[in-house]
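Listed below, chain by chain, are the residues.
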Amino acid sequence: MKFKTVARLALCALTLVFAASYTKPAHALPDHEYASYYYVGCGDPATSGWQWWPCAGGYYSSGTLSGDWLVETSLSCDPENVDSTYNVYEWCNNTWEPRSTLGDCHCSH
């Protein structure tokens, strides 16, 4: 082989290795974005904290990750398959009880 051909092949191989090392594999991305919001009080509860796992990856949180109420949400990361959930829970008798309305207390806090 000629020197120019070998050099071109080596340059192409290095470019591919470099590009592959800086991309995230598609299967490593989550299929849903998740968030949890914590509240305290009855009637019009106040936010005490939240945590978030976005589609782009990573984890973020703020405040106190506990309270009288927990709202969990999820949203599909696929823009062509919009799929979401919204669940409300009240902390009662040392467990999270499903509820239909945030702030409508069934237990004493």
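Structure: see above.
As the structure is a computational prediction, the values presented were derived from the model and not from experiment.

Cut-offs and rules
Residues numbered from 1 in each chain as written. Predicted model: local features only at pLDDT ≥ 70, side-chain atom pairs only at ≥ 80, totals over all residues. Heavy atoms only, no water. Salt bridge = Lys/Arg side-chain N within 4 Å of Asp/Glu carboxyl O. Buried < 20%, exposed > 50% of the residue type's maximum accessible area, 1.4 Å probe, protein only. Pairing = 2+ DSSP bridges. Helix = DSSP H or I, 4+ residues; strand = E, 2+ residues; numbered from the N terminus. Axes fitted to C-alpha atoms, helices over the stretch in contact; angles between N-to-C directions. Lys, Arg positive; Asp, Glu negative; His and termini not counted. Polar contact = N/O pair within 3.5 Å; in protein donor to acceptor, adjacent residues only side chain to side chain. Contact = heavy atoms within 4.5 Å. Patch = residues over 30% accessible without salt bridge, like charges linked within 9 Å, V, L, I, M, F, W, Y side chains within 5 Å. Areas by Shrake-Rupley, 256 points an atom, 1.4 Å probe, with all protein chains shown as cover.

## Structural notes on the pattern of salt bridges
Move 1: By the definition in use, this model includes one salt bridge.
Move 2: Ionic pairing is found between Arg 99 and Glu 90, a salt bridge with its closest N-O pair at 2.8 Å.
Move 3: What makes Arg 99 partly exposed here is its relative accessible area of 21%.

## Here's the deal with the sheet that holds strand 1 (residues 32–40)
Move 1: Pairing in this open sheet of six strands is antiparallel, and the strands run 3-2-1-4-5-6 from one edge to the other. This sheet does not close on itself; its edge strands, each paired only once, are strand 3 (60–63) and strand 6 (95–99). Taking the axes of each pair of neighbouring strands and ignoring which way they run, one obtains an average angle of 25 degrees across the sheet.
Move 2: One ladder, built from seven bridges, connects strand 4 (residues 69–76) with strand 5 (residues 84–92); its direction is antiparallel. For Ser 74, the partnering residue across the bridge sits in strand 5 and is Thr 85.

## Focus on the side chain of Asp 68
Move 1: Along the chain, Asp 68 falls in the loop between strand 3 and strand 4.
Move 2: The side chain of Asp 68 is buried and forms no salt bridge, while Arg 99, the nearest opposite charge, is found at 12 Å.
Move 3: Here the side chain of Asp 68 touches Gly 41 through a polar contact of 2.7 Å, landing on its backbone nitrogen.
Move 4: Look past the residues within four positions of Asp 68 in its chain and what remains in contact with it is Tyr 39, Val 40, Gly 41, Tyr 89, Glu 90, Trp 91, Trp 96 and His 109.

## Quick word on a nonpolar patch on the surface
Move 1: Among the surface-exposed residues, Tyr 34, Trp 53, Tyr 59 and Leu 65 lie close enough to one another that they form a single nonpolar patch of about 370 Å² accessible area.
Move 2: With respect to the helices, strands and loops of the structure, Tyr 34 is situated in strand 1.

## Here we look at the pairing of strand 3
Within a regular strand, the side chains alternate between the two sheet faces.
Move 1: With four bridges joining them, strand 2 (residues 46–53) and strand 3 adopt antiparallel strand pairing. Within the sheet, the bridge partner assigned to Trp 50 lies in strand 3 and is Ser 62.
Move 2: Counted along the chain from strand 2 to the antiparallel partner strand 3, the turn is six residues long, and its residue Gly 57 has a positive phi close to 95 degrees.

## Examining unusual backbone geometry
Move 1: Phi angles above zero are rare outside glycine, and Asn 93 is one such case at about 50 degrees.
Move 2: With respect to the helices, strands and loops of the structure, Asn 93 is situated in the loop between strand 5 and strand 6.
Move 3: We classify Asn 93 as exposed; its relative accessible area is 72%.
Move 4: A positive phi angle, near 65 degrees, is found at Asn 94, a position not held by glycine.
Move 5: When you line up the elements, Asn 94 lands in the loop between strand 5 and strand 6.

Take it as geometry only, folks, not as evidence of what the structure does.
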